[in-house]
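What follows is each chain in one-letter form.
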Amino acid sequence: PDFADTAETLAFRSKAGANNKAAERALAIPGVVEAGWTLSDLVSMTRGNKDSDQKRHQLKSELMSLVNKVSDQQFSWCFRDPVNTEEVKDYLNVVTEPIDLRTMEKRIRKGDWYKNKHMLYSDMMKMVNNCKLYNGEGSTYSEYAVSLEKYLATIFPKRVMSAASLAVAAASEGGDGGSGGGK
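Conventions used here
- Residues numbered from 1 in each chain as written.
- Predicted model: local features only at pLDDT ≥ 70, side-chain atom pairs only at ≥ 80, totals over all residues.
- Heavy atoms only, no water.
- Core = buried A, V, L, I, M, F, W, Y, C linked by side-chain atoms within 4.5 Å.
- Buried < 20%, exposed > 50% of the residue type's maximum accessible area, 1.4 Å probe, protein only.
- Helix = DSSP H or I, 4+ residues; strand = E, 2+ residues; numbered from the N terminus.
- Arc of directions from axis to C-beta.
- Polar contact = N/O pair within 3.5 Å; in protein donor to acceptor, adjacent residues only side chain to side chain.
- pLDDT = per-residue confidence, 0-100.
- Contact = heavy atoms within 4.5 Å.
- Salt bridge = Lys/Arg side-chain N within 4 Å of Asp/Glu carboxyl O.
- Axes fitted to C-alpha atoms, helices over the stretch in contact; angles between N-to-C directions.
- Parallel < 35°, antiparallel > 145°, perpendicular 65-115°, else oblique.
- Left-handed = near helix turned anticlockwise from the far one by under 90°.
- Nonpolar A, V, L, I, M, F, W, Y, C, P; charged D, E, K, R; others polar.

So, on to the nonpolar core. Ranked by internal contacts, the top residues of the largest apolar core, which has 30 residues, are Met-104, Leu-120, Met-124 and Leu-152. Within the residue set of this core, elements represented by two or more residues are helix H3 (39-71), helix H5 (101-110), helix H6 (117-135) and helix H7 (140-155). Leu-27, Leu-39, Leu-42 and Val-43 belong to the second-largest nonpolar core, a separate cluster that totals six residues.

Buried within H5 we find Leu-101, Thr-103, Met-104, Arg-107 and Ile-108. An end-on view of H5 places all buried positions within 160 degrees of arc, on one side of the element. Away from its buried face, by an angle of more than 90 degrees, H5 presents the exposed residues Lys-106, Arg-109 and Lys-110. The N-capping residue of H5, defined by a side-chain oxygen 3.0 Å from the backbone nitrogen of Arg-102, is Asp-100. Once H5 finishes, Gly-111 follows within two positions and takes phi at roughly 90 degrees, a positive value.

Of all residues in the protein chain, 75% have pLDDT values of 70 or greater, and the mean over the chain is 82. pLDDT under 50 marks residues 12-16. Its contacts with residues more than four places away, or in other chains, come to nine contacts. Scored below 50 in pLDDT, residues 174-182 makes 30 contacts in the model with residues more than four places away or belonging to other chains.

Moving on: the pattern of salt bridges. Pairing between side chains of opposite charge can happen when their charged atoms approach one another. In total, this model carries eight salt bridges according to the counting rule given. Ionic pairing is found between Arg-56 and Asp-53, a salt bridge with its closest N-O pair at 2.4 Å. Of this pair, Arg-56 and Asp-53 both sit in helix H3, three residues apart, which is roughly one turn of that helix. Asp-53 gets classed as partly exposed once you look at its relative accessible area, which sits at 42%. Put simply, Asp-123 and Lys-126 hold a salt bridge, and the shortest N to O gap is 3.6 Å. Separated by three residues within a single helix, Asp-123 and Lys-126 lie in helix H6, roughly one turn from each other. Judged by its relative accessible area of 1%, Asp-123 is buried. Among the ionic contacts, a cluster of salt bridges with common partners joins Glu-97, Arg-107, Asp-123 and Lys-126.

Further remarks concern the packing of H6 against H7. At a minimum axis separation of 8 Å, H6 and H7 run at an interaxial angle of 160 degrees. If you check the angle between H6 and H7, you find them roughly antiparallel. Between H6 and H7 lies a crossing of left-handed hand. Across the interface between the two elements, Tyr-121, Met-124, Met-125, Met-127, Val-128, Cys-131, Lys-132 and Asn-135 from H6 touch Tyr-141, Ser-142, Ala-145, Val-146, Leu-148, Glu-149 and Leu-152 from H7.

Between H5 and H6, the shortest axis-to-axis distance is 11 Å and the interhelical angle comes to 165 degrees. The angle between the axes of H5 and H6 places the two elements in the roughly antiparallel class. The two elements H5 and H6 cross, and the hand of that crossing is right-handed. On H6, the residues touching Leu-101, Met-104, Arg-107 and Ile-108 of H5 are Leu-120, Asp-123, Met-124 and Met-127. Tallied by class, the residues present in the contact of H5 with H6 amount to six nonpolar, no polar and two charged.

Right under this line is the structure:
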């Protein structure tokens, strides 16, 4: 059957406009209609992919904004790059999952590490805790970590902070195991 002549096609053309061009092209492929595909099936699939891409892009933008806000803080200089384990030889004996802002930024740009803000917050808190663990209470670096922790409470919604324990579990199941170096 000629899909261009169906009432369904005409209705979708008026509703969806240019959004269904790809779906119309797919219906023109021999066997697609015979396999039971309809224009509405194909339009909903292409719209769903666009929505998903937009949501991913929006999340990446929001996460990058949060990392940039942290990086812009004066106290964050020691969290911007991985710890140099050539210089700090015992670091990996103390900190088993290093993380830093540059590693977080790389993960965001790659696009498949952070599924939500909870996971980013968990990595930020891991960075804070790594710093406190390695440097001990009362050190200048630990004071920077406390400042960072207080700042995180101002830029992350409380619901993100309270759900961070779920993100820790999700983050520990995949990725490169925290190859970055938080202080």
